[in-house]
Number of protein chains: 2
Amino acid sequence: MELPERLASLANTVSSMTYRRIEELVSGHPRELYDASMHLIRAGGKRLRPLLVVLASKMYGLSLEISSWAAAAVEIFHNFTLVHDDIMDRDEFRRGVPTVHKIWGEALAIVAGDLLFAKSYEALLRLLDYGLSYERIVSAIRELTWAAATVAEGQALDVLFTSRDNVTVSEYIEMVKKKTAGLFRSSVLIGAIIAGASDDELAKLAEFAIDIGIAFQIRDDELGLVADEKTLGKPKYSDLREGKKTVLVLYALERASEEQRRIILNSLGRSSATRDELERVAKTIVEIGALDFSNKLAEEFIRKGIEALYLTNPRDHEAREMLRDLAYYVTRRSY
Amino acid sequence: MELPERLASLANTVSSMTYRRIEELVSGHPRELYDASMHLIRAGGKRLRPLLVVLASKMYGLSLEISSWAAAAVEIFHNFTLVHDDIMDRDEFRRGVPTVHKIWGEALAIVAGDLLFAKSYEALLRLLDYGLSYERIVSAIRELTWAAATVAEGQALDVLFTSRDNVTVSEYIEMVKKKTAGLFRSSVLIGAIIAGASDDELAKLAEFAIDIGIAFQIRDDELGLVADEKTLGKPKYSDLREGKKTVLVLYALERASEEQRRIILNSLGRSSATRDELERVAKTIVEIGALDFSNKLAEEFIRKGIEALYLTNPRDHEAREMLRDLAYYVTRRSY
């Protein structure tokens, strides 16, 4: 699936503007710390969350000139979580480059993540320069803080699930609702808050963003199973090797025959598992029908999310259409 | 040196009130995450930074009922840095208990630190419930954010210095000014900001807090060399074993004879160094006169800091006296 042209063009503008804001915010001494902090950001990424911020702001009439600072805040925050996540998962590659701790060591990588966390707040504070009210800025900060605590809870669940064999699909949904959808929600809400959207509008947007965030993570889990290395930017099957309880793994384990269960559990979460063994696990999971299930599950969340989006009353209807297109695009990425 | 009675009594009140605030803020699911996050906080600590906040607030007439939320914010923030610091330094004990990553593993410890970081902002946002203006809350948040970035820079310098042999005393001062004095400054300023102190007052208080923070870290470095295990709450000589470039090490290396230099460099930063070897390094450092030097250096910072404090115009002069007493106490801890 391709991005519609008007959205693709805006995505480019937002991506480069956000990057410029981030470059300005994340600079200083010592050089090693700032290089480590900028490393994944320089490597690129989809810069999807900044686009969520900007489109939500645009729906209520706020310009990119201003909303790009909030876009920078969530993108910086997202990269903070990636830096720490990679240490936790002992991942060595992301976005096609070595991870921060692989290059600068674990100690500096932890601090680089912490610095980015602080810088995400600094980005929101920049909105003061544009005459935004203190009240709106406090609301945006409150939302970022909510996301930070929520994402931490989600990450913790993700870690705890790897050592449990009885995780249910509904526990999984609860986990990704926090780990992934938390920042989707805050991206959209921060964009809308700084543009002055009412509480009523925020409630609908929150539902939209959470549903799309969950669908996004389900797709991400699918990609981890079926996409090639180049698309992933990291070694194939790392989720399986790390014993991640993705929705596909959970569904497969529930439905597996004894033989299939043995195949999966024999390699899942075993760091010494060979590529062939993991390939066989992936094949088994697909055979059980996990991909059909996860597809349907994702589609259901997308449907609900778009429905909530269309209950809003935006000033700029084109922005809402673009937000819808973006939601479809990120949750129906091809593989 | 003992705390004067009126200060000791307030310190107890502030400590228990801050703890209650923190317990309320840092609670939720999953339980393991919140237990890990509360672990060091439950273990105690001096709770010195909350007292800085409360006294600075009291200087300008703000009650403990309100300032205790800001006190909770800086104490939570401080504990976040400790959790991450212990992972970075691979320390196994603190405050007489095993460190967070020793009990819950590194992945959960990283997330616990991140959660505490978020919760420190949440604590400041609680001030909204007491009718404080959005403007003051934004100023307090800006100050906490400044501290977060500054402490990260200081931590990074601390890490980078361990692998450098040519660190100067003035580079050391620059490092501790960020790593330790950064949060001293923000504790005092946040207390004063929420109480409505003027920019003029804040500038003097900042100077006071930074000077005292530097002196505090110099004392801390001294304690690491000469205090016993019980006072430290962790194994003796861990700074030496980790190769930390404390002011004592730096001074000693500058003045050491060839033989003394050999003794120091042979064990400094070598994880396999025996207790006896490190004991000999410590003895050598003291023989060179490093302790006399660091004592004089600390006293100079204390003098300058107290001078700045007495340029302020507080409403509550007793609070200022207590702040002075506290500054003397924490920078002249006996050993």
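In case you missed it, the structure is sitting above this.
Note that this is a predicted model, so its numbers are computed, not measured. Starting from 1, residues in each chain are numbered consecutively following that chain's sequence as written. As a convention, the first chain written is A and the first ligand written is 1, with the rest following in written order. Totals for whole chains, interfaces and linings use every residue, but because this is a predicted model, local features are given only for residues with pLDDT of at least 70 and side-chain atom pairs only at 80 or more, for both listing and counting.

> What should I look at first to understand the relation of the copies chain A and chain B in this one?
Each of the two chain copies can be generated from the other by rotation about an axis followed by a shift along it. Least squares is the method for superposing the copies, and the C-alpha atoms it fits come from residues with pLDDT of at least 70 in both. Each copy superposes on the other: chain A lies on chain B with an RMSD of 0.0 Å after a rotation of 180 degrees and an axial shift of 0.0 Å. The transformation just described matches what one would write down for a two-fold rotation axis. When each C-alpha of chain A is compared by its distance to the rotation axis, Tyr134 of chain A comes out closest, at 2.7 Å. A shared interface surface links the copies, since 100% of the contact residues of chain A are contact residues in chain B too. Each residue is represented by a C-beta atom placed from its backbone, and any two residues with such atoms within 7 Å are regarded as in contact.

> For this particular structure, what's the right way to read the interface of chain A and chain B?
By a frequent convention, interface size equals the accessible area lost on bringing the separate parts together. Opposite the 36 residues of chain A that make contact, chain B presents 36 residues. Going through the elements one at a time, α2 (31-42), α4 (64-89), α6 (106-125) and α7 (134-162) of chain A are the ones with two or more residues in the side of chain A that touches chain B. In this count, Pro and Cys sit with the nonpolar residues alongside Ala, Val, Leu, Ile, Met, Phe, Trp and Tyr, while Asp, Glu, Lys and Arg are called charged and the others, Gly among them, polar. Across the side of chain A that touches chain B, the residue classes tally to 24 nonpolar, 5 polar and 7 charged. Only runs of H or I of at least four residues qualify as helices and only runs of E of at least two qualify as strands under DSSP, and these elements are numbered from the N terminus.

> Hey, could you run me through unusual backbone geometry in this one?
For residues other than glycine, phi is negative in most cases, and the peptide bonds are mostly trans. Put simply, His29 of chain A and Pro30 of chain A share a cis peptide bond, and its omega is -5 degrees. Structurally, Pro30 of chain A can be placed in the loop between α1 (5-25) and α2. With a phi close to 50 degrees, Arg47 of chain A is a non-glycine residue in the positive phi region. Mapped onto the elements, Arg47 of chain A comes out in the loop between α2 and α3 (48-59). Partly exposed residues are those falling between the two cut-offs: more than 12 but fewer than 20 other C-beta atoms within 10 Å of their own, whereas 20 or more means buried and 12 or fewer means exposed, with C-beta atoms placed from the backbone. When the 22 C-beta atoms within 10 Å are taken as the criterion, Arg47 of chain A is described as buried. The backbone phi angle of Arg95 of chain B is positive, close to 50 degrees, even though this residue is not glycine. With respect to the element layout, Arg95 of chain B can be found in the loop between β1 (93-94) and β2 (97-98). Taking the number of C-beta atoms within 10 Å as the measure of exposure, Arg95 of chain B has 18 and is therefore partly exposed.

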